[in-house]
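# Examination of the molecular architecture
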Amino acid sequence: MRHPALVPLLVAAIVAVFLASLSLGTVPIPIAQLADAAFGHGDPVVRAILLELRLPRTLIALLVGAMLGLAGAALQGYLRNPLAEPSVLGASNSAALGAVAAIYFGLGDLNPAVLPVLAILGALASLALLFVLAGRAEGPLALILAGIAVSTLAGAGISLSLNLSPNPFAAMEIMTWLLGSIENRAMEHVWTALPCIVLGAALLLYDARALDALSLGEDGARSLGVDLGRTRARLLLGVAIGVGGAVAVSGSIGFVGLIVPHLVRPLTDRSPSAVLLPSMLGGAVLLAAADILVRLIPTASELKLGVVTAFLGVPVFLVHLLKERRLW
């Protein structure tokens, strides 16, 4: 790693945004009062705000951001494509389609767990379809083309549900989900996403060295003893489970998986394995910071997190693109 202090600095940034997220909002709460509330003392209203509103929201922002950042870095390394992110393989759209189906058919009203479960199942279904479409091809091109097909199909299903929505309220709920938000989340949402994100992250980090070998091409990786079939299976499964769990509680949030690896890569030795952990930590910082911004911007109704990440992501990506062009 080019800068040994990168990971410690990102960890420190996570601690900073964690405390800021708990403290800042419509009603600012001093750190001293937060500490009293955390230990069961102080104002019961402050304790309720902390434990029931801000803590779950902050944890979800960190978990979802970490998963999206890691998934983007892993896919960019595996596909050798700087524009790769979870939506490239259709995982994000398919998970969103599962959630939209729960909203459209009213299944979420039967049990709160139905919506996240269908989102995760949607992501896993996209994985199965990817294997069918890509077949045994080991190169990235077949996977990218199959991912575009899956993503387009899922997007068409979402558009169809909006078009045939039985009432404007259902359409509004679907649109709210597609814009991405972690407002009004509870600890049950944290426990829903946590096992999926932990399992998905573990699968992606497991193949860090294989991603380095793949930078030499398929033949070079195979000569170094990398099992390309198993590597691809673990990577796709990790993305599907992790991103499915993230989308299940946050809705569709774009640009994090695309932007964060580009921000941290110049601070590393640029090998795919060196980018994974910083991207995971950087994604957590970026999404938590964006969520703080959402709460602080004075608007009649709270902005959606996916909208803010898009506005933040596009300028950062354009600046990075211009720098890269100057290097060429």
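Residues numbered from 1 in each chain as written. Predicted model: local features only at pLDDT ≥ 70, side-chain atom pairs only at ≥ 80, totals over all residues. Heavy atoms only, no water.

Here the focus is the overall build of the chain. Looking only at helices and strands, the chain has 14 helices and zero strands in total. Written out in order from the N terminus, the α and β elements of the chain read α-α-α-α-α-α-α-α-α-α-α-α-α-α. For 328 residues, the compact-globule estimate of 2.2 N^0.38 gives 20 Å, and the chain sits close to it at 20 Å. The principal-axis extent of the C-alpha atoms belonging to the chain is close to 65 × 50 × 35 Å. For the chain, the proportion of its 328 residues judged to be buried stands at 50%. Long-range pairs, those at least 24 residues apart, make up 78% of the contacts in the chain between residues at least 6 apart in sequence. Counting only carbon and sulfur atoms, one obtains 70% of the accessible surface of the chain, whose full area is about 15100 Å². (Helix = DSSP H or I, 4+ residues; strand = E, 2+ residues; numbered from the N terminus. Rg over C-alpha atoms; globule rule 2.2 N^0.38 Å. Buried < 20%, exposed > 50% of the residue type's maximum accessible area, 1.4 Å probe, protein only. Contact = heavy atoms within 4.5 Å. Areas by Shrake-Rupley, 256 points an atom, 1.4 Å probe, with all protein chains shown as cover.)

Time to look at the confidence of the model for the chain. Put simply, the chain has an average pLDDT of 83, and 95% of its residues get 70 or more. Summarising per-element confidence for the chain, the mean pLDDT is lowest in helix α14 (residues 305–327) (74) and highest in helix α1 (residues 6–23) (93). (pLDDT = per-residue confidence, 0-100.)

Counted under the stated rule, the structure contains one aromatic pair. Geometrically, the ring pair formed by Tyr104 and Phe105 is edge-to-face, given 5.0 Å between the ring centres and 85° between the ring planes. For Tyr104, a relative accessible area of 25% gives the class partly exposed. Its relative accessible area of 59% is what places Phe105 among the exposed residues. (Phe/Tyr/Trp six-rings, centres within 6.5 Å; stacked < 30°, edge-to-face > 60°.)

Attention now goes to the packing of helix α4 (residues 91–104) against helix α6 (residues 140–163). The axes of two packed helices give the description: the angle between them and the distance between them. Two numbers describe how α4 lies on α6: the axes approach to 9 Å, and their chain directions differ by 20°. Between α4 and α6, the crossing angle belongs to the class labelled roughly parallel. Once α4 is placed against α6, the crossing between them reads as left-handed. Along its contact with α4, which presents Asn93, Ser94, Ala96, Leu97, Val100 and Tyr104, the element α6 presents Val150, Ser151, Ala154, Gly155, Gly157, Ile158 and Ser161. Within the contact of α4 with α6, the residues separate by chemical class into seven nonpolar, six polar and no charged. (Axes fitted to C-alpha atoms, helices over the stretch in contact; angles between N-to-C directions. Parallel < 35°, antiparallel > 145°, perpendicular 65-115°, else oblique. Left-handed = near helix turned anticlockwise from the far one by under 90°. Nonpolar A, V, L, I, M, F, W, Y, C, P; charged D, E, K, R; others polar.)

It is worth spelling out the side chain of Thr309 at this point. Following the sequence through the fold, Thr309 ends up in helix α14. Take Thr309: its relative accessible area is 5%, and that puts it in the buried class. At 3.3 Å, the side chain of Thr309 forms a polar contact with the backbone oxygen of Gly254. If near-sequence neighbours (up to four positions away) are discounted, Thr309 is found in contact with Ile253, Gly254, Phe255, Val256, Leu287 and Ala290. (Polar contact = N/O pair within 3.5 Å; in protein donor to acceptor, adjacent residues only side chain to side chain.)

Time to look at the nonpolar core. Formed by 70 residues in total, the largest nonpolar core has its most connected members in Leu143, Leu204, Leu235 and Val239. Among the elements that take part in this core, helix α3 (residues 44–79) stands out by supplying 15 residues, more than any other. Ignoring anything within four residues of it in the chain, the contact list for Val239 reads Ala71, Leu75, Ala91, Leu204 and Gly244. Among the nonpolar cores identified, the runner-up in size contains 14 residues, and Ala99, Ile103, Ile158 and Cys196 belong to it. (Core = buried A, V, L, I, M, F, W, Y, C linked by side-chain atoms within 4.5 Å.)

At a minimum axis distance of 7 Å, the contact between α3 and helix α12 (residues 256–264) shows a crossing angle of 70°. In terms of their interaxial angle, α3 and α12 are classed as roughly perpendicular. Here Gly65, Leu68, Gly69, Gly72, Ala73 and Gln76 of α3 come into contact with α12, specifically with Val256, Gly257, Leu258, Pro261 and His262. Each residue belonging to the contact of α3 with α12 can be placed in one class, and the counts come to five nonpolar, six polar and no charged.

Relative to the 52 Å expected for 36 residues at 1.5 Å per residue, α3 spans 51 Å between its end C-alpha atoms, a close match to the ideal helical length. Approximately 40° is the largest bend angle found in α3, and it occurs at Arg54, with the proline Pro56 only one to four residues beyond. Of all the 36 residues making up α3, 27 are buried; the element is thus mostly covered by neighbouring parts of the structure. Directly after α3, the chain includes Arg80, whose backbone phi takes a positive value near 50°. (Expected span 1.5 Å × (residues − 1). Bend = angle between axes of the 7 residues up to and from the residue.)

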